[in-house]
Amino acid sequence: MVLHLLGVNLPENKIVRVALTYFYGIGHKTAQRICSKLSIHKTCKLHELSESQIQQISMELSNMKIETDLKREVINNIMHHRSIGTYKGKRHAMGYPVRGQRTKTNARTARRLNGRWIRKEGFST
């Protein structure tokens, strides 16, 4: 079975802290912090949770910036850098590494990721 929580399908046979990482913007550290705050055991699985615990998790996640809100903020930050013409914005626009990495070799990931925002949102350079 699958638990549908805040627009994300979570498999019920997963451990809670692993299943929470299915949300964009929640890593292992944040998932562990949420579980310890709500006193959920580290080996507890999703199907073992009570309805009140699922509601507590939902309330905790609704107070956080995750999924589309976080993606929108990241895109807006990149577009802000591009619009004011900073070095970072120009590197994003050209699809180059932004944080000082080398470009002679090993820039394949940057070319793939940095150009993605432009193509996905339909922005022109």
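None of the values given here were measured: they were computed from a predicted structure.

Cut-off values and rules
Residues numbered from 1 in each chain as written. Predicted model: local features only at pLDDT ≥ 70, side-chain atom pairs only at ≥ 80, totals over all residues. Heavy atoms only, no water. Domains from an automatic or database assignment. Buried < 20%, exposed > 50% of the residue type's maximum accessible area, 1.4 Å probe, protein only. Helix = DSSP H or I, 4+ residues; strand = E, 2+ residues; numbered from the N terminus. Arc of directions from axis to C-beta. Contact = heavy atoms within 4.5 Å. Phe/Tyr/Trp six-rings, centres within 6.5 Å; stacked < 30°, edge-to-face > 60°. Lys NZ or Arg CZ within 6 Å of the ring centre and 35° of its normal.

Peer 1: Looking at this structure, I do not really get the domain arrangement of the protein chain. What am I missing?
Peer 2: Think of interface size as the accessible area that goes away when the parts come together; that is how it is often given. Taken domain by domain, the protein chain holds domain 1 (2-64) and domain 2 (68-121). Just the C-alpha atoms count here: the centres of domain 1 and domain 2 sit 31 Å apart.

Peer 1: Honestly, helix 2 (residues 28-37) in this entry has me stumped. Any pointers?
Peer 2: Spacing of three or four residues puts side chains on the same side of an α-helix, whose turn is 3.6 residues. Looking only at helix 2, the buried set comprises Thr 30, Ala 31, Ile 34 and Cys 35. An end-on view of helix 2 places all buried positions within 135° of arc, on one side of the element. With respect to the buried face of helix 2, the exposed residues turned more than 90 degrees away are His 28, Lys 29, Arg 33, Ser 36 and Lys 37. The secondary structure elements touched by the buried residues of helix 2 are helix 1 (16-19) and helix 3 (51-62).

Peer 1: Any chance you could explain the packing of aromatic side chains here in plain terms?
Peer 2: Any pair of aromatic rings gets described here by the distance separating the centres and the angle formed by the planes. Taken as a whole and assessed by the stated rule, the structure comprises zero aromatic pairs. We note Lys 71 situated over the ring of Tyr 24; from NZ or CZ to the ring centre the distance is 5.0 Å.

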